[in-house]
Amino acid sequence: KPLNLALSEWLLQPVDRLVALCVKHCETCEVQPVGTGEDASPNVSPSVCRPVTNVELEEGKRKQSSSATTEARIRNGLQCAYLLMAAGIIITSYYFQLFAASTDAGTPANLVCRGTLLRYSTAFGGSQCGRWGEECEPTGWMAIRCPALCGLGLNDPIDTRVIGSSPYRADSRMCIAAWHAGYIGWSGGCVDVRISGARSSFEASASHGVDSVAFSSWFPYSLEFRQSAGARHCGYGQMPSLLILNVVSLVGFLWLRPSKRCFFWAMLSFFWWYCALIAPMTNRSVGNCFQYFGRFAYFVFGAEVLLWRLGNAKGTFPDTRAGSVLDAIFIELLPLLVTLHWHFLGYAAGGYSLNGALFQSWEGPLAFILGLMSLAPFVCGVLRDWYRAGLLRWVLMQVLLFATAVVGLTLIFSTSGWGLHLHHYFIGLMGYLGSRGRSRWSAVARALCLGALINGLSHWGETYEIPIWTQGAGWYPPTGQINAGGWGHEEQVIFTAAERVNNSDQILLRWALVRDLSASNCSLSTYQAQDSSIFVVEMNHIEIYRGLALWSRLCRPQTAESSCVRDASARALVQQVVSATQVLGLNRTGELLRWPYGEEDDCSKAAALVRQPEEMLDGFI
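Sequence order sets the numbering: in each chain, residues are counted from 1 along the sequence as written. At least 70 in pLDDT is required for a residue's local features to be given in this predicted model, at least 80 for side-chain atom pairs to be given and counted, and no such filter applies to totals for whole chains, interfaces and linings, which use all residues. Heavy atoms throughout the structure, all of them, feed into the side-chain values; hydrogens and water do not.

Visitor: Where do I start with the environment of Y168 in this structure?
Guide: Elements are defined by DSSP. Helices are runs of H or I of four residues or more, strands are runs of E of two residues or more, and each kind is numbered from the N terminus. With respect to the helices and strands, Y168 occurs in strand β3 (residues 168-169). Relative accessibility decides the category of a residue: with a 1.4 Å probe and only protein chains considered, values under 20% of the type maximum give buried, values over 50% give exposed, and everything between is partly exposed. For Y168, a relative accessible area of 1% translates into the label buried. Contacts between residues were defined by any pair of non-hydrogen atoms, one from each residue, lying within 4.5 Å. Ignoring sequence-local partners within four residues, the contact set of Y168 consists of V162, I163, A177, H180, A181, F202, S222, L223 and F225. What qualifies as a polar contact is a pair of N or O atoms within 3.5 Å, subject to a donor-acceptor requirement within protein and to the restriction that residues adjacent in sequence count only when both atoms come from side chains. A polar contact is formed between the side chain of Y168 and the side chain of S166, at a distance of 3.4 Å.

Visitor: What am I meant to see in the pairing of strand β14 (residues 551-555) here?
Guide: As a general feature of sheets, a regular strand has side chains that alternate between the two faces. Only one face of β14 is covered, namely the face carrying S552 and L554; the face carrying W551, R553 and C555 is uncovered. Pairing between strand β11 (residues 506-513) and β14: five bridges, direction antiparallel. The residue bridging L509 from the neighbouring strand is S552, located in β14. Strand pairing is assigned whenever DSSP detects at least two bridges linking the two strands.

Visitor: Explain the state of the cysteines to me, please; I cannot follow it from the model alone.
Guide: A covalent bond between the sulfur atoms of two cysteines is referred to as a disulfide. Put simply, a disulfide is two cysteine sulfurs that come within 2.5 Å. By the definition in use, this model includes three disulfides. Note that C113 is cross-linked by a disulfide to C150, the S-S spacing being 2.1 Å. Because the sign of the S-S torsion sets the handedness, a value of about -85 degrees for the bond joining C113 and C150 places this disulfide among the left-handed ones. Taken together, the residues span a long stretch of sequence, with C113 in the loop between β1 (109-110) and β2 (142-146) and C150 in the loop between β2 and β3 at a distance of 37 residues. The same class applies to C113 as to C150, namely buried. Note that C146 is cross-linked by a disulfide to C175, the S-S spacing being 2.1 Å. Taking the torsion about the S-S bond as the criterion, the C146 to C175 disulfide, at about -85 degrees, is left-handed. Here C175 lies in helix α3 (residues 174-181) and C146 lies in strand β2, a separation of 29 residues in the sequence. Assigned by exposure class, C146 and C175 land together as buried.

Visitor: I'm lost on the side chain of R75 in this one. Help?
Guide: Looking at the element boundaries, R75 is found in helix α2 (residues 54-98). Given a relative accessible area of 10%, R75 falls into the buried group. When sequence neighbours within four positions are dropped, the list of residues in contact with R75 reads D16, V19, L256 and R257.

Visitor: Can you help me understand the packing of helix α4 (residues 239-254) against helix α5 (residues 260-277) in this one?
Guide: In a packed pair of helices, the relevant descriptors are the angle between the two axes and the axis-to-axis distance. Here an angle of 0 to 180 degrees is reported between the N-to-C directions of two axes, which are lines fitted to C-alpha atoms, with helices fitted over the stretch in contact. As a packed pair, α4 and α5 sit with axes 11 Å apart at the nearest point and diverge in direction by 170 degrees. Classed by the angle they form, the pair α4 and α5 counts as roughly antiparallel. Two secondary-structure elements touch here, α4 through M239, L242, L243, N246, V247, S249, L250, F253 and L254 and α5 through C262, F263, A266, M267, F270, F271 and Y274. Gly falls in the polar group here, along with every residue not listed as nonpolar (Ala, Val, Leu, Ile, Met, Phe, Trp, Tyr, Cys, Pro) or charged (Asp, Glu, Lys, Arg). Counted by class, the contact of α4 with α5 contains 14 nonpolar, two polar and no charged residues. Any angle that falls under 35 degrees is termed roughly parallel, while one over 145 is termed roughly antiparallel, one within 65 to 115 roughly perpendicular, and all others oblique.

Visitor: Honestly, the nonpolar core in this entry has me stumped. Any pointers?
Guide: A general tendency of soluble globular proteins is for nonpolar side chains to be buried together. Take the buried Ala, Val, Leu, Ile, Met, Phe, Trp, Tyr and Cys residues and link them wherever side-chain atoms come within 4.5 Å; each set so joined is a nonpolar core. By size, the foremost hydrophobic cluster in this structure holds 64 residues, and its most contacted members are F264, M267, L268 and F271. Mapped by element, the contributors of at least two residues to this core are α1 (5-26), α2, α4, α5, α6 (286-310), α8 (325-340), α12 (424-434) and α13 (440-460). No other element matches α5, which puts 14 residues into this core. One finds C146, C175, A177 and I184 within the second-largest nonpolar core, a separate group that totals 27 residues.

Visitor: Even after reading the chapter, I still don't get α1, so can you show me in this structure?
Guide: Quick reminder: α-helices carry 3.6 residues per turn. Residues three or four places apart thus point the same way. Each helix should span, by expectation, one fewer than its residue count multiplied by 1.5 Å. The first and last C-alpha atoms of α1 sit 29 Å apart over 22 residues, in line with the 32 Å expected at 1.5 Å per residue. Q13 marks the point of greatest bend in α1, at about 50 degrees, and the proline P14 comes within the next four residues. Here α1 has its buried residues at S8, L12, V15, D16, V19 and V23. At every residue, the bend is computed as the angle between two fitted axes, covering the seven residues ending there and the seven beginning there respectively.

Visitor: What am I meant to see in unusual backbone geometry here?
Guide: Peptide bonds are trans in most cases, and residues, glycine excluded, mostly fall at negative phi. With an omega dihedral of 10 degrees, the bond running from S166 to P167 counts as a cis peptide bond. Relative to the helices and strands, P167 is located in the loop between β2 and β3. Unusually for a residue other than glycine, S166 sits at a positive phi of about 50 degrees. Within the fold, S166 resides in the loop between β2 and β3. Here S166 falls in the exposed class, since its relative accessible area comes to 51%. Positive phi, close to 55 degrees, is recorded for M281, a residue that is not glycine. Inspection of the secondary structure assignment puts M281 in the loop between α5 and α6.

Visitor: Explain the environment of Y183 here, please?
Guide: Note on placement: Y183 falls in the loop between α3 and β4 (189-196). Residue Y183 is classed as partly exposed on the basis of its relative accessible area, which comes to 29%. Sequence spacing of Y183 and Q227 is 44 residues, and the spatial spacing of their C-alpha atoms is 6.3 Å. Among residues more than four places away in sequence, those in contact with Y183 are A178, V191, F225, R226 and Q227.

This is how it looks when you write it as structure tokens:
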């Protein structure tokens, strides 16, 4: 039963009267003069009381049918005009949100929260400054544009690293560093940045909710920020007002009594593009927009088949043409808005994925349990509808069989490095298909599932991510740490020498794979390795060597009391690190190493280097 249909009809009366007035003016009026003699007048058409003939009855029916056709044609025209006007206003607003940013220094460069301006990456150690920092050379001031909420939900200090406190290390996350410096807030915005010269150390501090870390050694370049002058249309704080614009446009559309199918697709289209372009509160390029057209095409096809037909939206969606305005607003629109912003939940509850790693700590399961408890009333309402239909046992058996099959296949796939990853839009689709009852609990559950589905497919979803298994995860995904604390497998790379060259500032570094050290009988000086591994050496996260050799000479920075080096063995142009050494701490003055280092064979030197004291890495990130 619709919500307060009398109130809905009263709300629709103004537009209904306007349409009726238009119909009246569109109908043709036939006037026939009646009368004879001197009193007859062509301008007077008096009423004549007489029996109504069958011909006149048929004529009346024809006129009623014609009036209904005229009314339908007028309503369709008004609906098309309204949608075109609303789309034009929304598209114009989206343009100013996404593409109209400018400063006195010119158009700002768009960054993501964890992005940098640096073009080069070694794919090892997180360095993005290139060989000897050649990609971080000093530049003049330039404007950048940062997304919203960059300083919220920071759980990993390494992934979201901000190193230093005005100035910052050059490979810091630029937008998060700008938040730390106080130049941008929750809505993002524009800020000027430049790369400056070397610093001998970087201090840690806590500012504006972001904790920066210290680095007590040399780095060749640093970052400085200043406020952008003349910044216009830079922030993403208009997201709430654009959401209201979409909601008001859809509510206004209801006053024209569109068909349920027309309103269903208008709602899906408006909110899909809002969630794809505006709700993330970040940059979207023109190229991104064209990509989203492809995603939207897949979404339209899937929604028609899975939601409208198989999900029975054509039977359960409120009849907006009959005047179910309140149902469309309070049961379909408003609940959908909650899960339409699913991506904001990570800032409050943390970023937990529904995979094997979820059970490696208690916080993840607790977050999901609390979420399920909040949804329990809707789940009970849906199950009650199935019970009333006499199909509850059948549904529970189907769910149990499906869950058993997923768990069994996951255990099998995990042996080949595939792991379960249930996307929230997959769960939303399953929930929508399962909430087929006609009660209001089921209707609200469908709206919540629809919001999660739209959010996932528009914000994150790619067509190739639809399967619920992900390669490379396994049942318990790896932590990403490389075992560099000892001599592991034959592919393990280790340092075999770290020596001063003739009491100068030059250092000779040697390294090898464990298998080469064994094959050379602990004497690498004359050994020719038969291997195509590429070795990458970093000092203080700056790449200083890349090649096939097993040794390199380097000059220590004069401004650092100590420095840290690390070596990695990699394949395919260092896009895949096979193994990495432990980080090796070196002194600039006095003894190069702070622990015994003999002059024995290469095996003894390697063993001595492994026994590095932990305090040598104090302050290293």
